[in-house]
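# Tertiary structure, described
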Amino acid sequence: MNTPPDDPRGRLRRAVYLLLITASTGSMLGRTFAVNSVDHVRLEKHLKDQGRSDWQKQRPFLSANDRSRWATVRALVEHGTYSIDEIVSQPNWDTIDMVKHDGRGREAPGPNEGRLYSSKPPLIATLMAGPYWLIHRLTGATLATHPFAIGRGLIVLFNIVPMIVYLWVVAQLIERFGDSDWGRMYAMTAAAFGTFLTTFAVAINNHLPAAVCAAVALYAAAKIWYDGERSLWWFALAGTFSALTAACELPALAFFVAMTVGLLLVSPAAAMRAFVPPAFLVLAASMATNYLAHHSIAPPYVHRTEGDNWYDYQFVRDGKVRQSYWSNIEDRSPIDQGEKSPQTYALHVLVGHHGIFSLTPIWLFSLAGVVTMCWRSQPNLRALGLLVGGVSLVCLAFYLGPFHDRNYGGMSSGFRWMFWFAPLWLIGMLPAVDQFSERPWWRGLAIVFLCLSVLSASYPTWNPWTHPWLLDFLLHMEWARLGAG
């Protein structure tokens, strides 16, 4: 349903959307400017007054996960290499998310063999190295000497600005597919405050850019599928950003394949001319940066087999031989030891302490909405429902399957591997929440679910790399345990 440009109610909704985007942006900026691993201000002053040389304790990089990527950014600009040995040996720059090989993609387990590398795919870090190189060349400052100023500036550039684009694009999609004022405003409020994307806006990660790319790709595809656009620009936009989604989240290859098939069916010639070439360039860039870093087009987490295990190694730091965090399962933190029972794991991923539906119950409306879309008489809307539902099931099955670590995404405030689905699920919920506009009891339930979702997204006030509130509660009550033992 398209809204005429002179529709006063449409203008009102757009004004509400703008206010929500502004408030959400301000919230993300505030979190970003407050980022600190721990409140070490008083401790630093005390240690400094004592003349301690190790008085510096503050850092804006919150987890081994994001520090791994930051270390690669520094290594590229400051040392011209993907190897992070010189970075992670510095105070406050340690990480467990690293692998080791001989620089040619071969296993190097010995303490004096090989070099250390981030275990994260290097595409994002390589892109971030560009503006950091410019800052470093113009000012001489580094992330070591000015971690807060430079780090926060890059987070604004790579997280906050894309999130503004994301919210605008989602607003256009909501306006396009929604049928009621109440349903549209509900979905937009959920987009601005009720998902974990804003939670993760303070840390460099792959989930947020994947969600942004998925939203832009879906928007471009909707222009082609529903508005009859045949400009090559829209095909190129869909190809670029659906491929970027897959580059950020490997299981999102299912989304990329679905988009490819859908656009080829609409216009094979336009898709081959404008969708395929940019998509190929993006995927080639992803593999090329991985090869530059590791001399392998396969990402590091593929190299975990006997005779080719980049995760089981020793290294030397401060004159001591140390073991990789990943070498012995019993030495890992309880969350990283994994869940033995696949049934228990599936339960907690869906409705338990890391539950998609328990932490973010608004997604129950998305489930209902996608089912409604699939059963509707309009073939085009049914196709969109099948795309969202099918890709969701494929990716969820991948993460619940036997070949994936059952660790809930490690120390994280939610089941982070599915966060990138936010734009798809927000559009999927519209048929359900539109039905609530004339049903007060259902609106009340929807508001409660929204409140709980916002609570979950806001619980990690400034650090997304923490346990969900539900897990903290269950552990406090001794109703749950972590670890494979």
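Keep in mind the model is a prediction, meaning the values are calculated, not measured.

Let us now look at helix H19 (residues 469-476). For an α-helix, 3.6 residues make a turn, and residues three or four places apart therefore share a direction. Every buried residue of H19 is listed here: Leu470, Leu471 and Leu474. Along the long axis of H19, the arc covered by the buried residues comes to 95°, so they all point the same way. Each element contacted by the buried residues of H19 is listed here: helix H13 (356-359).

A positive phi is found at Asn92, a non-glycine position, where the angle reads about 70°. Along the polypeptide, Asn92 turns up in the loop between helix H4 (85-88) and strand S1 (98-101). One non-glycine residue, Asp318, adopts positive backbone phi at about 55°. Mapped onto the secondary structure, Asp318 falls in the loop between strand S5 (314-317) and strand S6 (320-323).

With respect to the element layout, Thr195 can be found in the loop between helix H7 (181-193) and helix H8 (207-227). Contact partners of Thr195, with chain neighbours within four places excluded, come to Ala190, Trp363, Ala422 and Ala457.

Moving on: the environment of Ser296. Summarising the element assignment, Ser296 is placed in the loop between helix H11 (268-294) and strand S3 (304-305). Ser296 sits 190 residues away from Arg106 along the chain, and the two C-alpha atoms are 9.4 Å apart.

Moving on, we come to the pattern of salt bridges. Under the counting rule described, the total for this entry stands at 11 salt bridges. When the shortest N-O distance is used, the salt bridge between Glu86 and Arg115 registers 3.0 Å. One end of the pair, Glu86, is in helix H4; the other, Arg115, is in strand S2 (residues 115-118), and 29 residues separate them in sequence. Connected through salt bridges with shared partners, the residues Arg9, Arg13, Glu175 and Asp181 form a single ionic network.

A few words now on the packing of aromatic side chains. In this structure the tally under the stated criterion is 28 aromatic pairs. Their ring planes at 20° and their centres at 5.2 Å tell us that Trp182 and Tyr186 sit as a pair that is stacked. Linking Trp182 with Tyr186, this pair stays in helix H7, spanning 4 residues, or about one helical turn. Look at Trp182 and you get partly exposed, because its relative accessible area is 23%. On the basis of relative accessibility, which here comes to 5%, the residue Tyr186 falls in the buried class. What links up through ring pairs into an aromatic cluster is the set Trp182, Tyr186, Phe365, Phe436, Trp442 and Phe449. Note that Arg74 overlies the ring of Trp93, its terminal NZ or CZ placed 4.7 Å from the centroid. Positioned above the aromatic ring of Phe177 is the side chain of Arg176, whose terminal nitrogen or guanidinium carbon lies 5.4 Å from the ring centre.

We now examine H11. Taking 1.5 Å per residue as the helical rise, H11 with its 27 residues ought to reach 39 Å, and the 36 Å between its terminal C-alpha atoms agrees with that figure. Of all the bends in H11, the largest measures some 35° and sits at Phe275, one to four residues before the proline Pro277. Of the residues making up H11, those classed as buried are Ala270, Ala271, Ala274, Phe275, Pro278, Ala279, Val282, Ser286, Thr289, Asn290, Ala293 and His294. In the core, the buried residues of H11 are packed alongside S1, S2, helix H5 (123-139), helix H9 (232-248) and helix H10 (253-266). A positive phi of about 55° marks His295, the residue just after H11.

Here the focus is the side chain of Asn205. Along the chain, Asn205 falls in the loop between H7 and H8. Within the structure, the side chain of Asn205 is placed 3.0 Å from the backbone nitrogen of His207, a separation counted as a polar contact.

The contact between helix H14 (residues 363-375) and helix H15 (residues 379-400) brings their axes to 7 Å, and the two run at 140°. Here H15 runs oblique to H14, going by the angle between their axes. Here H14 and H15 pass one another in a crossing that is left-handed. Residues Val370, Met373 and Cys374 of H14 form the contact with H15, whose participating residues are Leu381, Arg382, Leu384, Gly385, Leu386, Val388 and Gly389.

A few words now on the nonpolar core. Ranked by size, the top nonpolar core spans 135 residues in total, and within it Tyr166, Met188 and Trp420 carry the most contacts. Examining the composition of this core, we find that 17 residues originate from one element, H8, more than from any other. In contact with Met188, not counting residues within four places along its chain, are Tyr17, Leu20, Ile21, Leu167, Val170, Ala171 and Ile174. Core analysis: the second largest hydrophobic core is formed by 8 residues, Val99, Ala293, Trp310 and Tyr325 among them.

Moving on, we come to a nonpolar patch on the surface. Residues Leu250, Leu253, Tyr301 and Val302 make up a contiguous nonpolar surface patch of about 330 Å² in total accessible area. Positionally, Tyr301 belongs in the loop between H11 and S3.

Residue alternation in S5 divides its side chains into a buried set, Phe315 and Arg317, and an unburied set, Gln314 and Val316. Sheet analysis places S5 next to S6, joined by 4 bridges and oriented antiparallel. Along S6, the bridge assignment pairs Arg317 with Lys320. Counting the residues between successive antiparallel strands, the hairpin from S5 to S6 contains 2 residues, one of them, Asp318, with a positive phi of roughly 55°.

Conventions used here
Residues numbered from 1 in each chain as written. Predicted model: local features only at pLDDT ≥ 70, side-chain atom pairs only at ≥ 80, totals over all residues. Heavy atoms only, no water. Buried < 20%, exposed > 50% of the residue type's maximum accessible area, 1.4 Å probe, protein only. Helix = DSSP H or I, 4+ residues; strand = E, 2+ residues; numbered from the N terminus. Arc of directions from axis to C-beta. Contact = heavy atoms within 4.5 Å. Salt bridge = Lys/Arg side-chain N within 4 Å of Asp/Glu carboxyl O. Phe/Tyr/Trp six-rings, centres within 6.5 Å; stacked < 30°, edge-to-face > 60°. Lys NZ or Arg CZ within 6 Å of the ring centre and 35° of its normal. Expected span 1.5 Å × (residues − 1). Bend = angle between axes of the 7 residues up to and from the residue. Polar contact = N/O pair within 3.5 Å; in protein donor to acceptor, adjacent residues only side chain to side chain. Axes fitted to C-alpha atoms, helices over the stretch in contact; angles between N-to-C directions. Parallel < 35°, antiparallel > 145°, perpendicular 65-115°, else oblique. Left-handed = near helix turned anticlockwise from the far one by under 90°. Core = buried A, V, L, I, M, F, W, Y, C linked by side-chain atoms within 4.5 Å. Patch = residues over 30% accessible without salt bridge, like charges linked within 9 Å, V, L, I, M, F, W, Y side chains within 5 Å. Areas by Shrake-Rupley, 256 points an atom, 1.4 Å probe, with all protein chains shown as cover. Pairing = 2+ DSSP bridges.

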